[in-house]
Amino acid sequence: MSFFYVCMLLLNFAFGQEFEDIQIEEPPAGETPSALEAESRTTKLATLIRCTVCQGLSIEESTSTFAVKTRQRIYQLVQSGYTDEQIIAYFVDKYGEKALLKPLNKHWFVWFAPVGFVVLGLGIVYIRAKPKAKTASPSQSFTQPVKNDDTYRQQVLAELED
Amino acid sequence: MNWKVMLTGLAFVCPIVYFMAVSFDNDPRALDGDVLLNKPASAFTLNSIEEGYKISFNDYKGSPMVINFWAIWCEPCLAEHPDLLELAERYKPKGVVFLGMLYYEAQEEDEKREELRKTKAFLKKMKYAYPTLDDWTQSTVLNYGVTGVPETFVIDKEGVIVKKFVGPIDKYELSSILDGLL
C-alpha cells in the first residue's frame, strides 16, 4: 500500500500539480509524519469516513473511485502535517456529518431521550398503580363513637320497609 | 373518561408519531446537498486542458462563476453540455465566468490519460467555449464535496457558493440565479 501512495505522490509531481497546493484554508497543526505512520493514520482515518456512493462501507473497505480518491486525499493531508481532527473536520465541512460512519457525540438528546421517556413513563405507571392508603372518611370524627353495625343495619332495613 | 390519562397519553404518542412520519421520508445515508451552501468556495490553481496556461480561482474574484464538474464518460454530463454552452454564450459577455472541471473515473495513469484525450477531442469539437480545468489529483473535486457527476456550483461575486445542482442543470433555474447575481 505504501508503494501505491508513493507512486501517487510521484504522479502529482510529474504532472505539474504542486504537492504543496493542498487547497485547504487552514495551516496544518501537526508535524510531518514518517511514511509508515502516515500510512497507518490514513488507514485509521479511512475506516471512520463513509463511502458516500456505497451502502454502509467505509472508504477503507470500498474499491469505488470515490473511495480511492478520498484515501489519496487523506494520505496527502496526513503527509502535509494535518492532524486527525483537522482531517475529520475537513470532510465534515465538505460532505456534512453524514460523511462519518459514526456521528459526532453532540446529539446527547437523541441518545438519552428514549431512556428518559421510559423512566418517566414507568414512574407515572408506578404512581398511578400504587395502592392508596386507607384514610378515615371526612364525615367521621374520632371523637364520635362508631355505630354498631347490627343496629345501623336494623335502622336501614326499617327505613327501606317504610 | 379520564381526560388526564388521555391527554398524558397523547402528549407521549403524538411526538413519536410525528417523528416517525418525518423519518419515513428520510434516508439516513443520503448526504445533505446543501452543506457547502453560503460557504466560501475553495480556491484552486489548475491547468487548463488547452495546453499552456493555468487558471486560478482568485483571478475571477468579483465575478459570478459557474463551475461544472463533469466527465467524458458521463452521459448526463454530455446531455447538459449544450445548455451550459448556451448559457455561457448569453452570460459571459455580462461578466459571468464559466469553468469546467474534470472528474476522473480512472485510477491508473494510462487510463486517466485516455480519459483526458477523449475529453480534449470532445471539447475541440465544441470549440472550447469556456476553459475546462484538469484536476489531476482530484483535490478540487473533494474540496467541493463532489461525489459524482454532473454537479454544478454557482458562486457569487463574493466567492460564496449560492447554489449546487446535483445532476444535470435546470437551465431556466440557472439562468434565473445568474440574473440575480449580476
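Placed above this text is the structure.
These numbers come from a predicted model, not from an experiment. (Residues numbered from 1 in each chain as written. Chains lettered and ligands numbered in written order. Predicted model: local features only at pLDDT ≥ 70, side-chain atom pairs only at ≥ 80, totals over all residues. Heavy atoms only, no water.)

Asks: Can you help me understand the interface of chain A and chain B in this one?
Replies: Many descriptions give the size of an interface as the accessible area lost when the pieces come together. Contacts between the two partners involve 35 residues from chain A, matched on the other side by 39 residues from chain B. Of the roughly 3,000 Å² buried at the junction of chain A and chain B (both faces included), carbon and sulfur atoms supply 49%. On the surface where chain A and chain B come into contact, there are 1 salt bridge. A salt bridge links Lys39 of chain B to Asp93 of chain A; the shortest N-O distance between them is 2.7 Å. In this structure, the connection of chain A to chain B is made through 9 residue pairs in polar contact (both at pLDDT 80 or more). Where the side of chain A that touches chain B is concerned, the elements lending two or more residues are helix H1 (2–14), helix H3 (65–79), helix H4 (84–95) and helix H5 (108–129) of chain A. The residue inventory of the side of chain A that touches chain B, partitioned by class, reads 13 nonpolar, 13 polar and 9 charged. (Contact = heavy atoms within 4.5 Å. Buried area = accessible area lost by both parts, 1.4 Å probe. Salt bridge = Lys/Arg side-chain N within 4 Å of Asp/Glu carboxyl O. Polar contact = N/O pair within 3.5 Å; in protein donor to acceptor, adjacent residues only side chain to side chain. Helix = DSSP H or I, 4+ residues; strand = E, 2+ residues; numbered from the N terminus. Nonpolar A, V, L, I, M, F, W, Y, C, P; charged D, E, K, R; others polar.)

Asks: Please clarify how helix H2 (residues 35–46) of chain A should be interpreted in this entry.
Replies: In an α-helix, one full turn covers 3.6 residues, which means residues spaced three or four apart are oriented alike. Residue and element names in this part refer to chain A. For H2, built from 12 residues, the straight-helix expectation of 16 Å at 1.5 Å per residue is met to within 8% by its first-to-last C-alpha distance of 16 Å. Here H2 has its buried residues at Ala38, Glu39, Arg41, Thr42, Leu45 and Ala46. Looking straight down H2, one finds its buried side chains confined to an arc of 170°; they lie on one side. (Expected span 1.5 Å × (residues − 1). Buried < 20%, exposed > 50% of the residue type's maximum accessible area, 1.4 Å probe, protein only. Arc of directions from axis to C-beta.)

Asks: Help me out: how do you make sense of the packing of H2 of chain A against H3 of chain A in this one?
Replies: Two quantities define a packed helix pair, namely the angle between the axes and the distance from one axis to the other. Residues and elements named next belong to chain A. Relative to each other, H2 and H3 sit at 135°, their axes nearing to 9 Å. Comparing the axis directions of H2 and H3 gives the class oblique. Crossing of H2 against H3: the hand is right-handed. Residues Ala35, Ala38, Glu39, Arg41, Thr42, Leu45 and Ala46 of H2 pack against Arg71, Ile74, Tyr75, Val78 and Gln79 of H3. When the residues that make up the contact of H2 with H3 are grouped by side-chain class, the tally is 7 nonpolar, 2 polar and 3 charged. (Axes fitted to C-alpha atoms, helices over the stretch in contact; angles between N-to-C directions. Parallel < 35°, antiparallel > 145°, perpendicular 65-115°, else oblique. Left-handed = near helix turned anticlockwise from the far one by under 90°.)

Asks: Is there a simple way to explain unusual backbone geometry in this structure?
Replies: Note: most residues except glycine have negative phi, and most peptide bonds are trans. Residues and elements named next belong to chain B. Note the cis peptide between Val149 and Pro150, where omega equals 0°. One non-glycine residue, Asn38, adopts positive backbone phi at about 65°. As for its position among the elements, Asn38 is in the loop between helix H1 (3–24) and strand S1 (45–48). Phi angles above zero are rare outside glycine, and Gln138 is one such case at about 65°. Accessibility expressed as a relative area gives 3% for Gln138, which makes it buried.

Asks: Help me understand the side chain of Asn143 of chain B, please; the structure alone is not making it clear to me.
Replies: Tracing the chain through its elements places Asn143 of chain B in helix H4 (residues 139–143). At 2.4 Å, the side chain of Asn143 of chain B forms a polar contact with the side chain of Tyr90 of chain A.

Asks: What is the right way to read the state of the cysteines from this model?
Replies: Each disulfide consists of a covalent bond between the sulfur atoms of two cysteine residues. This model, assessed by the stated rule, comprises 2 disulfides over all chains. A sulfur-sulfur distance of 2.2 Å marks the disulfide that ties Cys51 of chain A to Cys54 of chain A. Sign of the S-S torsion, about 50° for the bond between Cys51 of chain A and Cys54 of chain A, identifies this disulfide as right-handed. On the basis of relative accessibility, which here comes to 0%, the residue Cys51 of chain A falls in the buried class. Exposure remark for Cys54 of chain A: the relative accessible area of 16% places this residue in the buried category. The disulfide partner of Cys74 of chain B is Cys77 of chain B, and the S-S distance across this bridge is 2.2 Å. The chirality of the disulfide connecting Cys74 of chain B with Cys77 of chain B is right-handed, given an S-S dihedral of about 80°. We note that Cys74 of chain B, like Cys77 of chain B, is buried. (Disulfide = S-S within 2.5 Å.)

Asks: How should I be thinking about empty space enclosed by the protein in this particular structure?
Replies: Rolled over the atoms, a probe with the dimensions of a water molecule shows which regions are left empty. This model, assessed by the stated rule, comprises 5 cavities of 30 Å³ or more. For the second largest cavity, the calculated volume is near 70 Å³. In terms of lining residues, the second largest cavity is bounded by 10 residues, among which Lys69 and Gln72 of chain A together with Ala106, Gln107 and Lys112 of chain B are the most central. The element contributing the most residues to the lining of the second largest cavity is H3 of chain A, with 4 residues. (1 Å grid on protein atoms, 1.4 Å probe; cavity = no way out; pocket = protein on both sides within 12 Å on 5 of 7 lines; lining within 4 Å. Points joined across faces, edges and corners; volume = space filled by probe spheres on them.)

Asks: Is there a simple way to think about the sheet that holds strand S6 (residues 151–155) of chain B in this case?
Replies: Each strand in a sheet pairs with its neighbour through backbone hydrogen bonds, running either in the same direction (parallel) or in the opposite one (antiparallel). Residues and elements named next belong to chain B. Pairing is mixed across the open sheet formed by 7 strands, whose spatial order is S2-S1-S5-S4-S3-S6-S7. The open sheet has two edge strands, strand S2 (54–56) and strand S7 (161–166), and neither has a second partner. Strand-to-strand twist across the sheet, computed as the mean angle between neighbouring axes with direction ignored, equals 30°. Two elements, strand S3 (residues 65–70) and strand S4 (residues 97–102), share 6 bridges in a ladder whose sense is parallel. If you follow Trp70 over to S4, its bridge partner there is Leu102. (Pairing = 2+ DSSP bridges.)

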